[in-house]
Amino acid sequence: MSTLTTDLKRLGEVKAPAGFADRLLAHVGMSDSYARFDTVLGAVYVAWNRQGISAAARDASADEFEARFHKEVGRQLVEAVPPPDLAAKIHDELEGRHRLRFDLRGLTPFEQAVLRKTKQIPRGEVRPYGWVAREIGHPAAVRAVGTALANNPIPYFIPCHRVVRTDGQIGNYGGGGPEAKRAILTMEGVRVNRLQELASKGVRYQGVKTTKVFCYPTCHTGRHALEKNIVWLHDEASARAAGFRPCKVCRPGAQLSA
Amino acid sequence: MGTAVIDVTERLFERMVHEHQHRVFALGLALTGNRHDAEEVAQDTFLKAYRALVTYPPDRIRELKQKAWLHRIALNVVRNRVRGIKPRLVELNGSEPDHAIGTEDGALLNLELDALAERVSALPARYRDAVVLRHVQELSYEEAADALGQPVGTVKANVHRGLKLLRGDNDEHSDD
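Reading the values: rules and limits
Residues numbered from 1 in each chain as written. Chains lettered and ligands numbered in written order. Predicted model: local features only at pLDDT ≥ 70, side-chain atom pairs only at ≥ 80, totals over all residues. Helix = DSSP H or I, 4+ residues; strand = E, 2+ residues; numbered from the N terminus. Buried ≥ 20, exposed ≤ 12 C-beta atoms within 10 Å, placed from the backbone. Pairing = 2+ DSSP bridges. Contact = placed C-beta atoms within 7 Å. Nonpolar A, V, L, I, M, F, W, Y, C, P; charged D, E, K, R; others polar. Arc of directions from axis to C-beta.

Draft legend 1. The arrangement of the overall build of chain A in detail. Of regular secondary structure, chain A possesses 10 helices and 10 strands. Within chain A, the fraction of its 258 residues that count as buried is 38%.

Draft legend 2. Focus on unusual backbone geometry. Even without a glycine there, the phi angle at A:Tyr156 is positive, about 75°. With respect to the helices, strands and loops of the structure, A:Tyr156 is situated in the loop between helix H7 (142–150) and strand E6 (163–164). By C-beta crowding, A:Tyr156 is classed as buried, having 23 other C-beta atoms within 10 Å. One non-glycine residue with positive phi stands out, namely B:Glu138, at about 55°. You can see B:Glu138 is positioned in the loop between helix H6 (125–136) and helix H7 (141–148).

Draft legend 3. How the structure looks around the pairing of strand E2 (residues 42–49) of chain A. Residue and element names in this part refer to chain A. Burial of E2 is extensive: 6 of the 8 residues sit out of reach of the surface. Bridge count between E2 and strand E3 (residues 52–57): 5 bridges; the pairing is antiparallel. Across the sheet, residue Asn49 finds its bridge partner in E3, namely Gly52. Joining the antiparallel neighbours E2 and E3 is a turn of 2 residues.

Draft legend 4. Focus on the interface of chain B and chain A. With 35 residues of chain B in contact, the opposing surface of chain A contributes 30 residues. Those elements that place two or more of their residues in the side of chain B that touches chain A are helix H1 (3–32), helix H2 (35–53), helix H5 (107–121), H6 and helix H8 (152–166) of chain B. For the side of chain B that touches chain A, the leading source of residues is H1(B), giving 10 residues. Tallied by class, residues from the side of chain B that touches chain A come to 18 nonpolar, 11 polar and 6 charged.

Draft legend 5. Main features of H7(B). Residues and elements named next belong to chain B. Listing the buried residues of H7 in full gives Ala144, Ala145, Ala147 and Leu148. All buried residues of H7 lie within an arc of 165° about the axis, which places them on one face of the element. Looking one or two residues past H7, Gly149 carries a phi angle of roughly 65°, positive in sign.

So, in structure tokens, the structure goes:
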């Protein structure tokens, strides 16, 4: 009977639901999903895929975020309801507890190295651009570090705001300009004014007389030193000449083997 | 494995999804009898395909007969569901699946097709699989036999019996 086989054939021509392919590709991490989250920083659009968080921005609208993502990352992007625990993980990550993975595919190895190193700067502390350059083994590439951080696709989460200029200026910030950078650092507990004051006097490091260790001024290891034991140091050479060695935590100078 | 190899695999997978999504969804619909389960089956089929692809060496991927391969995976997915290892419903990033009936086909036609799918899915598995591969997916007997791992003669007999059952002509129904 031909009608049965004709009907069966028509059954084979049924179409998959709209958006099936996009959702599937997003699920395997080949295109990205995004949603808007309310955070300590206000509303933040966050994109993610199977590899981890792939982009973030405090854009004014979903359209703006999609346009930015398309330009900077270039993969497909689908608005989606986030996995149930993502909002909590985002909250924790922004509070300094590391719970997220990040997808840095598409960036050059140099850019990835800059961002990974930057991610190690603790909340409440800052480092100079030159520190990042030296730590990743390209001490002369300070400007390139600045460019890589300016193009950070995941600001706030990869804390490029914690990298500042040595002369005390706050430096540029892709995540909303110098004012936003200052506001975020203040929120994280950095005393920005004091830092700028020290920098304007040419002070780069804090030395502690009792331990003979010098640190970046925001390093947490030097935080509990008594005021009378602190000496302000201008450069690495004079610090070493005065008998100080660089801190092993914030690594403010070339690490010489003892 | 370098990122370049992964990128090649991902591009291939993307093309595979776009090329075969409707075919695999239709297969799922005929085997399960409803669109919700069909989407689950289609989704799981492609996820399994993806997980396999990333482990395959390049020449194995090149020689892959995608259509037959996806059919085999989908049949396995459906068999495993029947055994009770029901795959967890992955809400693909939470978006509501869109099961709205397409206007160009007309609602009535869709309802008729869904009713037919339900009848097909209710057949005993061996007849159902044979009928679906041969007449819904329009594979040749050789391709269907290959996907099912059965001799061509067995597939022909099962298709014949399955069509008979669908026509309500089951008086010679003697087994099971």
